[in-house]
Amino acid sequence: MSLNTTLEIDIVTALSSKIDTVDFENLAFGNVFTDHMLQCDFKDNAWQKPIIKPYEPFMIDPSAKVFHYGQAIFEGMKAYKDENDEVWLFRPDENFHRFNNSAKRMAMPEVPESVFIEGLKTILNIEKNWVKKGLGNTLYIRPFMIAIGAGVIAQPSTQYRFMIILSPAKSYYSGEVKVIIAEHFSRAANGGIGAAKAAGNYSAQFYPTKLANEKGFQQIIWTDDATHTKLEEAGTMNVFFRINDTLITAPTSERILDGVTRKSLIDIAKKEGISVEIRSLLVHELVNASKDGSLKEIFGAGTAAVVNPIVGFSFQDVYYELPKIQNSFAQNLKEKLTNIQYKIADDTFGWTVKI
Ligand SMILES: *Cc1c(COP(=O)(O)O)cnc(C)c1O
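Residues numbered from 1 in each chain as written. Predicted model: local features only at pLDDT ≥ 70, side-chain atom pairs only at ≥ 80, totals over all residues. Heavy atoms only, no water.

Asks: What exactly am I supposed to notice about the nonpolar core here?
Replies: Within soluble globular proteins, side chains that are nonpolar tend to cluster in buried spots. Leu124, Ile141, Met145 and Phe162 are the most contacted members of the largest nonpolar core, which totals 41 residues. Elements with a minimum of two residues in this core: strand 2 (36-43), strand 6 (77-81), strand 7 (87-90), helix 2 (92-105), helix 3 (113-126), strand 8 (137-147) and strand 9 (160-170). Counting residues per element, this core draws most heavily on helix 3, at six residues. Setting aside residues up to four positions removed in sequence, Ile141 forms contacts with Glu75, Gly76, Met77, Lys78, Ala79, Leu89, Leu120, Leu124, Ile164, Ile165 and Leu166. (Core = buried A, V, L, I, M, F, W, Y, C linked by side-chain atoms within 4.5 Å. Buried < 20%, exposed > 50% of the residue type's maximum accessible area, 1.4 Å probe, protein only. Helix = DSSP H or I, 4+ residues; strand = E, 2+ residues; numbered from the N terminus. Contact = heavy atoms within 4.5 Å.)

And the structure:
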């Protein structure tokens, strides 16, 4: 959906900024939010005028559908500041389109492009000071939509709230990540909502991940729900495998989220001359590759951590450790991608958008 009208938006600025109370060197991911938030409500079958106002809690009726049926979706993106103090977004229309695909799947109204993209640019302009210069500093952007219509009847709401909140973040390093390959639980199923960034996908992951944590593993590599033989995603990230010098990642599907980081890394890898295979890697291939030494790397890919190297995996209670290697694809590709995002390298792909 594309609206060519320039966005009309109400702006109520905060009386004072809390930016001076924030320790930007020691940020836990997603705990601190900026001074303002964007809000746009849907009612009477139409999107209302958006407003940017001070960040604050709000009231919703206890019977709102979001609380009972989880009609809720979100996106995750980042803003980057270059050495000339310009603020940049990375492929924002990918997030915009994915957001509306998620909305459609959850029977929610699609958000107009003007509200999502122009609204985002407007609030980022107001919060420019919260985007810090220097590699690794970002402003994490969380657009989301919830069903706020009252009434516990199990059907789609007629009222929704779209919001954008912003959280300063350091590129996070999660320590050594060991994973368990899922043999019972599933993240997604054919015909389900796995391809949508729908809230319930993430809460459904908490319990199996907790069990993995108790065994000393940080994440789960999800396999296909029907046979548990195909390797699909790692935690809430897409997953890449390097066997010898070939990079392998699963094709996106109803079960696999179409990550912007994933598709960007694929394009960068191809440009670097790395051979890339888009196919389902099977669990037994992975185990064999680990045994014969051809398995070099596994890493997750997503906006929050960019690239998350995995040091070992467990399958059927056997632990397989990955070799420690120099010049990893994970590190090289991460550097190439972040150099584009921070405008250190030429953006030959045309992915960056100035605020
Ligand atoms: C968001 C997400 C990703 C990564 O997508 P990016 O656009 O790269 O941030 C991968 N898998 C799942 C399940 C996700 O929710």
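Asks: Explain the pairing of strand 11 (residues 219-223) to me, please; I cannot follow it from the model alone.
Replies: It is a general feature of regular strands that their side chains alternate between the two faces of the sheet. Among the five residues in strand 11, five count as buried, and that is most of the element. Along strand 11, one buried face is formed by Gln219, Ile221 and Thr223 and the opposite face, lined by Ile220 and Trp222, is buried too. Two elements, strand 10 (residues 177-181) and strand 11, share three bridges in a ladder whose sense is parallel. Across the sheet, Val179 pairs through a bridge with Gln219, a residue of strand 11. Taking the sense of rotation as the criterion, the β-α-β connection linking strand 10, helix 4 (residues 199-214) and strand 11 turns out right-handed. Examined bridge by bridge, strand 11 and strand 12 (residues 231-234) share three bridges and lie antiparallel to one another. (Pairing = 2+ DSSP bridges. Right-handed = clockwise from strand over helix to strand, strands pointing away.)

Asks: It is not clear to me how the pattern of salt bridges should be interpreted in this structure. Could you clarify?
Replies: Pairing of side chains with opposite charge becomes possible as their charged atoms draw close. Under the criterion given, the structure shown has 18 salt bridges. In this structure, Glu75 and Arg98 form a salt bridge, with 2.7 Å as the shortest nitrogen-oxygen distance. Taken as a pair, Glu75 in the loop between strand 5 (72-74) and strand 6 and Arg98 in helix 2 lie far apart in primary sequence, 23 residues in all. The buried category is assigned to Glu75, whose relative accessible area is 0%. Relative accessible area serves as the criterion here: at 10%, Arg98 is assigned to the buried category. The partner of Glu272 in a salt bridge is Lys336, with the nearest N and O atoms 3.7 Å apart. Residue Glu272 is found in the loop between helix 5 (260-271) and strand 15 (275-278), and its partner Lys336 is found in helix 7 (residues 329-341); the two are separated by 64 residues along the sequence. Taking relative accessible area as the criterion, Glu272 reaches 40% and is therefore assigned partly exposed. The class for Lys336 is partly exposed, based on a relative accessible area of 36%. Each of the salt bridges in this network shares a partner with another, and the network as a whole consists of Arg91, Glu94, Asp258 and Lys263. (Salt bridge = Lys/Arg side-chain N within 4 Å of Asp/Glu carboxyl O.)

Asks: Explanation requested: unusual backbone geometry in the structure shown.
Replies: A negative phi angle characterises most non-glycine residues, just as the trans form characterises most peptide bonds. Positioned with a positive phi, Arg91 is a non-glycine residue whose angle comes to about 45 degrees. Structurally, Arg91 is set in the loop between strand 7 and helix 2. Accessibility expressed as a relative area gives 11% for Arg91, which makes it buried. Phi at Gln316 is positive, roughly 50 degrees, even though this residue is not glycine. Inspection of the secondary structure assignment puts Gln316 in the loop between strand 17 (306-315) and strand 18 (318-321).

Asks: Can you walk me through the packing of aromatic side chains in this structure?
Replies: Two numbers describe a pair of aromatic rings. These are the distance of the centres and the angle of the planes. Counted by the stated rule, this structure contains 17 aromatic pairs. For the ring pair Phe42 and Trp47, a centre distance of 5.2 Å and an interplane angle of 65 degrees mean the geometry is edge-to-face. In this pair, the class of Phe42 matches that of Trp47, namely buried. Consider the rings of Phe240 and Phe299, whose centres lie 5.2 Å apart with planes at 10 degrees: the pair is stacked. With a gap of 59 residues between them, Phe240 in strand 13 (residues 237-243) and Phe299 in strand 16 (residues 295-302) connect regions that are remote in the sequence. We classify Phe299 as buried; its relative accessible area is 0%. Through a chain of ring-to-ring contacts, three or more aromatic side chains come together here, namely Phe96, Phe99, Phe116 and Phe162. Over the ring of Tyr319 we find Lys178, and its NZ or CZ is 5.5 Å from the ring centre. The positively charged end of Lys343 is found above the aromatic ring belonging to Trp88, 3.9 Å away from the centroid. (Phe/Tyr/Trp six-rings, centres within 6.5 Å; stacked < 30°, edge-to-face > 60°. Lys NZ or Arg CZ within 6 Å of the ring centre and 35° of its normal.)

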